[in-house]
Amino acid sequence: MARMKWTNTNKSLIATGKMLRKGLQDELIAQKHNATGKLSRGLRYHIKNGTMSIYSSVSYWKAVNNPKFARIPNINAIKSWIKAKEGNGTFKPHPLGVSPTMILKRMEIAGYGNRNFNGSMREPYWFYQEGNKLPRRTNFAGYTANKFKKQVVEQLSPAICKDVASMIREKFKNNTKAKVS
């Protein structure tokens, strides 16, 4: 039995992977999750056997996407975060000063994100005021998936149809000696 050829579908999956990767990177910027840019640069897509996987080479992407996944970070992680934010000019310290210990304490008390579990606004973080005014701060992957789902269907459907029609045409051609165009 001949192996199915998904030539058009694979080409379309490559274009879709590029589109989704760019969409994820744009959403990370919109949600202000771009202190160092490592997460954005670490996004990759892989296509194998007609399946596309999107992953990140950065280990903390799940915590950025869903803060409930994360545990309270250690002091060194907070120091790195502060240094990265200061480096790109997006860290606005409190007038009384900010220490990694103060941030850790605040995270333990208030939890992650800027919303309570019922969706209401939590008391703003005083150590990172810029992110508090955003309409969303989590689920960058889910938001991007919902935003691009129609475009993914529009991009993949014609390619899948062409490949299926080609396979059916090939089967008819092999099973009958009739001329099929």
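Because the structure is a prediction, the values reported are computed rather than measured. (Residues numbered from 1 in each chain as written. Predicted model: local features only at pLDDT ≥ 70, side-chain atom pairs only at ≥ 80, totals over all residues. Heavy atoms only, no water.)

Caption draft 1: Local environment of the packing of helix α1 (residues 7-30) against helix α6 (residues 140-175). The interhelical angle for the contact between α1 and α6, taken along N-to-C directions, is 165°, at an axis separation of 9 Å. Here α1 is positioned roughly antiparallel relative to α6, judged by the angle of their axes. In terms of crossing hand, the pair formed by α1 and α6 is right-handed. (Axes fitted to C-alpha atoms, helices over the stretch in contact; angles between N-to-C directions. Helix = DSSP H or I, 4+ residues; strand = E, 2+ residues; numbered from the N terminus. Parallel < 35°, antiparallel > 145°, perpendicular 65-115°, else oblique. Left-handed = near helix turned anticlockwise from the far one by under 90°.)

Caption draft 2: Here's a closer look at unusual backbone geometry. Although it is not a glycine, K32 sits at a positive phi angle of roughly 65°. In this structure K32 comes out as partly exposed when scored by relative accessible area, which is 28%. Positive phi, close to 50°, is recorded for N49, a residue that is not glycine. Among the structural elements, N49 can be located in the loop between β1 (43-48) and β2 (51-56). What makes N49 exposed here is its relative accessible area of 65%. (Buried < 20%, exposed > 50% of the residue type's maximum accessible area, 1.4 Å probe, protein only.)

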